[in-house]
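Results of the structural survey
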Amino acid sequence: MPSTNGHNQQGKKDRDFAGRKLKSLPKSIFDNCEIITKVDLQRNRLKQVSGISQLVNLTELILSRNELADFPEEIGKLHHLKTLYINQNIIKCISEKVFPSLQKLEFLKLSTNRLMELPSDINQCRSLIYLNASNNYLKDLQALVGVPKLRDLYVENNRLTDLPGELFANLTMFKATGNPLRKPPGDICIGGLKDIRSYFTMLRDSSSPVTVKTIKTMFLGSSMAGKSTLCRSFQSSRPVEVDVADRTVGIEIIEVEKGGVRFLCWDFAGQEEYYITHHVFITPQAFVILAIDLSSYDPSDPQSFEEHVSFWISNIQLRVPDSVVLPVGTHVDQCLDIDRKKKHINSKLQSMLTDRTETLQQLKKKLQESDDPSLYSDQMNDLSRLTHYKLKVLDLLLVDCTKPGYIQMFQDHTLKEVTNKDNFPSIERTLPGIYQEVEKEIQDLLIEDDIPQHGRVTLSDLLDIYISQKELDPENIKCILRYFHRIGVIVWYEEIESLKNDVFLKPSILITLFKAIIRHDLEKKIKDITMRQLKSMKVLNKHRETWLSDYKEKATLHNVAISILVQKELETLHLDDADLVQEIVGNGNKPGSLLCLLQHFEVCLPTKITSPLNPTAPEFHPNKTWVASNPNVYDPDSACMFPSYLQNNDRVFQMWGEDKMSDLTVHIYFIPEIPYGFFHRLVIKTCPLYTTHWVGKDQCCFSSCKTLTLIQVKNVEGDQYINIRCKEQTDKNEIKKSWKMVQEIMLKMDQLAQEWPGLIQYVHSPCKEYGCSAYFQWRDWTDWLKSPGSGKSDSSTKEEKVTCRNGHTRRIELIYPKGLFNSDSTENQAA
């Protein structure tokens, strides 16, 4: 909100005292207090607001980002108050008898405080429509039952386990992620109010609700670390030897029942080629078993800990920061000096976790000690959020997979950890009995061959079965299917338009499709394509040579090659259903389900090898609609690029040329590091915005009109950042266009970063003087990303400048985008 000088506010209904470092209410706030309707006191250091009740006609009060430890009871005397922001304080409790007095209150923001409970009389707040109580310590919401007009409720990141069904009768918006929910389970709440209401309806109608214990268990680790041996031995309760030739390709799924707990085990391949698909299947609230090959682990080599342990822990911490990780030392039978290695790994793990916590605390302290901490409140809140995540890494467990006693010990230890409520408070889930009935029916259908053995069916066919046999409401069936999808029992990508009518009752078939082309030996698989297979697709042997060349040099795979490879993989499963093959690999009219999935999850980028002119295309005429010729004809040049497979930046270097100090430059730093695969997914997200682009191993160049923009990964003395550079512009409007392009790229970057809850970003603009190490730190910048007007032309002739800490002065528009910079805080942002 814009700042206003305090001495000219006496006659105004709105009083703005934001960001003044106030420790008490200013006397001027009470001048003509009877006419005041709105007061903004955010971003100060207020610990109390004595006298606020004098503003008897106040309708809006903003007390966000202060130091209030107690909810001011005087607020209860503001009988005309409609809107109250009191978020981002340190309030621990709210007294009774405050909210019954606020009969006109419609909007209440209590998020990011330390509330353990809500006052029991808050349901007497008769006009309340919106309540945000996220990021507190609430354990139940019973006090909110009976608030007559409540429509929007946000309670994310609390300690809620059971929710009252009566709460949802009139809500239109509800968010509760980040809670250990068991009734309804969090996997149902993710589906929104429709699924929650269906759940409670089925629960009421169910004669026998059931309590189940289900845990998704992910086996991770480097190649040949023994993950598959661990997983299969865990399933069989005895040592199972896995041959080198039988190692995991992609992901394998195994279901195991132990001690009343249902383990859904996902065994992830350890070769680097498969990492680009891990984000599709790694989900929160999972138990991670990290296999560490002790026979190849060397305590004297720092790189050994990085490869075997640190890489995995870091990525888990970024992706699922509230996980529980059990490190398991494997190949013990081939290892000497076991105790020394175990002690070294445990010690390094503890240091790693401690260092991360201390780094976050130091970063927060640095912002708190700045001249105006309120300018960085969003960043400080992000840091606070990260410090609240508690990745739990258990002590290293030694397992000799050649001995039955060790396998039994591994099973017992695993069961003990997953049933520990401190580790998994929401492992117990209350479900309507119909959920189990529907799942059993799915298994019976597969056993009795009532549906294809590959398990892929249409949603409409599945609904027909349950409507006719169980007389279930279609919406309730969909609610059940969504829950099964989220826990990994089935796969149904309802959000993908081209796949929303496809349900994979066997997730393994989907994994088979992925590993047809996402594999460590893809080059060999292309070479092994037979002449019979080539001829079936009406292509020649020389085409295969082109596929190999394009794959090695451009990380590009032709769609025809993809079709053949998928058909080969399906043949290994004895699936010769022609309709299935066509649906999966596609045809001339539309891409298959596999390409839709790969593109949806940003694994590959649609492209063309060549784009020759079409001599038969219709002639273009101004003011007439142009229609493409034969739009449904199969295009032999269609292909997919896999940026993560690129080996160099030659094409990007060629197009970009040299960097110049005058280039418009922004650095986006990632704490603690740039996640694996982040940059390549950013490239895939961004390329569709600009039809002209050049992609490299860790750089990408985009062209839009006269603006040429480069993004690249940088690592300077351990600081990892993405560098965005726009070629030098002198015209003010062209500079605005450059900032618009930066905004579009940063918006995609920020959207992608939401998938890594353990990640935080800092944005700097470096000083443009050669050899100067100073920089300008951006204050809270996420609102600017979503501002549609930041790229508009500016008719102002005033030229503002900014000075770095070393005394170098530059035009502001070359350092900050319009809409982010406040000239009053120039010195505060220079560092």
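Every value quoted in this text rests on a predicted model; they were computed, and no experiment measured them.

Across its full length, the protein carries 23 helices and 30 strands. A burial count over the protein gives 53% of its 831 residues as buried. In the form shown here, the protein has an accessible surface area of approximately 38,200 Å², with 47% of it arising from carbon and sulfur atoms.

Below, the discussion takes up the packing of helix α3 (residues 227-236) against helix α8 (residues 404-418). At a minimum axis separation of 10 Å, α3 and α8 run at an interaxial angle of 85°. Here α8 runs roughly perpendicular to α3, going by the angle between their axes. Contacts between α3 and α8 involve Leu-230, Ser-233 and Phe-234 on the former and, on the latter, Ile-407, Phe-410, Gln-411 and Thr-414. Among the residues making up the contact of α3 with α8, the classes are represented as 4 nonpolar, 3 polar and no charged.

Quick look at the confidence of the model for the protein now. Any segment with low pLDDT has predicted coordinates that should not be analysed in fine detail. The share of residues in the protein with pLDDT of 70 or more is 89%, and the mean pLDDT across the chain is 85. Per-element averaging of pLDDT across the protein places helix α23 (residues 826-829) at the bottom with 39 and strand β6 (residues 130-132) at the top with 98. Confidence over residues 1-8 falls short of pLDDT 50; this stretch has 13 contacts with residues more than four positions distant or in other chains. Counting contacts from residues 822-829, a segment whose pLDDT is below 50, to residues more than four positions away or on other chains yields 20 contacts.

As a further point, take a negative patch on the surface. A grouping of Asp-298, Asp-301, Glu-306 and Glu-307 is seen on the molecular surface, where their side chains present a negatively charged patch. Within the fold, Glu-307 resides in helix α5 (residues 302-319). The class of Glu-307 is partly exposed, set by a relative accessible area of 44%.

Attention now goes to the pattern of salt bridges. Under the defined criterion, the tally for this structure stands at 30 salt bridges. Linking Glu-523 and Lys-527 is a salt bridge whose minimum nitrogen-to-oxygen distance equals 3.7 Å. Here Glu-523 and its partner Lys-527 are both found in helix α13 (residues 522-527), 4 residues apart, which amounts to about one turn of the helix. Taking the relative accessible area as the measure of exposure, Glu-523 reaches 29% and is therefore partly exposed. Classification of Lys-527 by relative accessible area gives partly exposed; the value is 48%. Here Asp-663 makes a salt bridge to Arg-725, at a shortest N to O gap of 3.5 Å. Placement of the pair is Asp-663 in the loop between α19 (650-656) and β22 (664-671) and Arg-725 in strand β26 (residues 719-726), with a sequence separation of 62 residues. Linked through salt bridges whose partners overlap, the residues forming this network are Arg-319, Glu-602, Arg-681, Lys-685 and Glu-755.

Moving on, we come to the side chain of Thr-686. Examined against the element boundaries, Thr-686 turns out to sit in helix α20 (residues 678-686). Within the structure, the side chain of Thr-686 is placed 2.7 Å from the backbone oxygen of Leu-682, a separation counted as a polar contact. Not counting residues up to four positions away in its chain, the partners in contact with Thr-686 are Phe-702, Ile-745 and Lys-748.

Grouped together as the largest cluster of nonpolar side chains are 218 residues, with contacts concentrated most on Leu-61 and Met-746. With 9 residues, helix α21 (residues 732-753) is the single largest residue contributor to this core. Core analysis: the second largest hydrophobic core is formed by 26 residues, Leu-230, Cys-231, Ile-254 and Val-256 among them.

A separate point is the sheet that holds strand β21 (residues 638-641). In a beta sheet, neighbouring strands are held together by backbone hydrogen bonds and run either parallel or antiparallel to one another. Spatially, 3 strands are ordered β19-β21-β20 in an open sheet, and the strand pairing comes out antiparallel. Bordering the open sheet on either side are β19 (556-558) and β20 (605-608), each of which pairs with just one other strand. Here the strands of the sheet are splayed against their neighbours by 35° on average, with no regard to which way each runs. In terms of strand pairing, β19 meets β21 through 3 bridges, oriented antiparallel. The residue bridging His-558 from the neighbouring strand is Ala-639, located in β21. Those strands touched by helix α15 (residues 541-554) are β19 and β21, and its axis lies near 155° from that of β19.

Compared with an ideal rise of 1.5 Å per residue, which puts 14 residues at 20 Å, helix α11 (residues 474-487) spans 20 Å between its outermost C-alpha atoms and is within 8% of the ideal. Counting buried positions along α11 yields 10 of 14 residues, so the element is predominantly enclosed. Looking only at α11, the buried set comprises Asn-476, Ile-477, Lys-478, Cys-479, Ile-480, Leu-481, Arg-482, Tyr-483, Phe-484 and Ile-487. Structurally, the start of α11 carries an N-cap: the backbone nitrogen of Glu-475 is 2.8 Å from a side-chain oxygen of Asp-473.

Turning to the packing of aromatic side chains, a few remarks are in order. Within the structure shown, the criterion is met by 26 aromatic pairs. For the pair Phe-71 and Phe-99, a centre-to-centre distance of 5.8 Å together with 50° between the ring planes defines the contact as tilted. Here the residue Phe-71 occupies a position in the loop between β3 (60-62) and β4 (83-85), and Phe-99 occupies one in the loop between β4 and β5 (107-109), the gap between them amounting to 28 residues. In this structure, Phe-71 and Phe-99 share a single accessibility class: buried. Geometrically, the ring pair formed by Phe-168 and Phe-200 is stacked, given 5.8 Å between the ring centres and 25° between the ring planes. Taken as a pair, Phe-168 in the loop between β7 (152-154) and β8 (173-175) and Phe-200 in helix α2 (residues 193-205) lie far apart in primary sequence, 32 residues in all. Classification of Phe-168 by relative accessible area gives buried; the value is 2%.

So, about the pairing of β26. Across the 8 residues of β26, 6 count as buried, placing the element largely inside the fold. Strand direction decides the pairing type here: strand β25 (residues 707-716) and β26, joined by 8 bridges, are antiparallel. Looking at the pairing, Gln-712 lines up with Asn-723 of β26. Taken together, β25 and the strand that follows it, β26, pair antiparallel across an intervening segment of 2 residues, in which Glu-717 is found at a positive phi of about 50°.

This part is about a positive patch on the surface. Together, Lys-21, Lys-23, Arg-45 and Lys-47 make up a region of like positive charge exposed at the surface. As for its placement among the helices and strands, Arg-45 is situated in the loop between β2 (38-40) and β3. Judged by relative accessible area, Arg-45 falls into the partly exposed class, the value being 31%.

What follows concerns the packing of α2 against α11. Orientation of α2 relative to α11, taken along the N-to-C sense of each, is 110°, at an axis distance of 9 Å. The orientation of α2 with respect to α11, classified from their angle, is roughly perpendicular. The residues of α11 that touch α2, namely those facing Lys-194, Asp-195, Ser-198, Tyr-199 and Met-202, are Glu-475, Asn-476, Cys-479, Ile-480, Arg-482 and Arg-486. Here the residues of the contact of α2 with α11 are counted per class, giving 4 nonpolar, 2 polar and 5 charged.

Regular strands place their side chains on alternate faces of the sheet. For strand β11 (residues 261-268), the buried fraction is high: 8 of the 8 residues fall into the buried class. Pairing of strand β9 (residues 210-221) with β11, which is carried by 6 bridges, proceeds in the parallel orientation. The partner of Thr-214 across the bridge, within β11, is Arg-262. In the sheet, strand β10 (residues 251-258) pairs with β11 via 8 bridges, with the strands oriented antiparallel. In the strand pairing of β11, Glu-255 is matched with Leu-264. As consecutive antiparallel partners, β10 and β11 are separated by 2 residues, and within that stretch Gly-259 has a phi angle of approximately 55°, a positive value.

The next point concerns α20. Where burial is concerned, most of α20 is hidden: 9 out of the 9 residues are buried. Turning to α20, its buried residues are Phe-678, Phe-679, His-680, Arg-681, Leu-682, Val-683, Ile-684, Lys-685 and Thr-686.

Conventions used here
Residues numbered from 1 in each chain as written. Predicted model: local features only at pLDDT ≥ 70, side-chain atom pairs only at ≥ 80, totals over all residues. Heavy atoms only, no water. Helix = DSSP H or I, 4+ residues; strand = E, 2+ residues; numbered from the N terminus. Buried < 20%, exposed > 50% of the residue type's maximum accessible area, 1.4 Å probe, protein only. Areas by Shrake-Rupley, 256 points an atom, 1.4 Å probe, with all protein chains shown as cover. Axes fitted to C-alpha atoms, helices over the stretch in contact; angles between N-to-C directions. Parallel < 35°, antiparallel > 145°, perpendicular 65-115°, else oblique. Contact = heavy atoms within 4.5 Å. Nonpolar A, V, L, I, M, F, W, Y, C, P; charged D, E, K, R; others polar. pLDDT = per-residue confidence, 0-100. Patch = residues over 30% accessible without salt bridge, like charges linked within 9 Å, V, L, I, M, F, W, Y side chains within 5 Å. Salt bridge = Lys/Arg side-chain N within 4 Å of Asp/Glu carboxyl O. Lys, Arg positive; Asp, Glu negative; His and termini not counted. Charge placed at Lys NZ, Arg CZ, Asp CG, Glu CD. Polar contact = N/O pair within 3.5 Å; in protein donor to acceptor, adjacent residues only side chain to side chain. Core = buried A, V, L, I, M, F, W, Y, C linked by side-chain atoms within 4.5 Å. Pairing = 2+ DSSP bridges. Expected span 1.5 Å × (residues − 1). Phe/Tyr/Trp six-rings, centres within 6.5 Å; stacked < 30°, edge-to-face > 60°.

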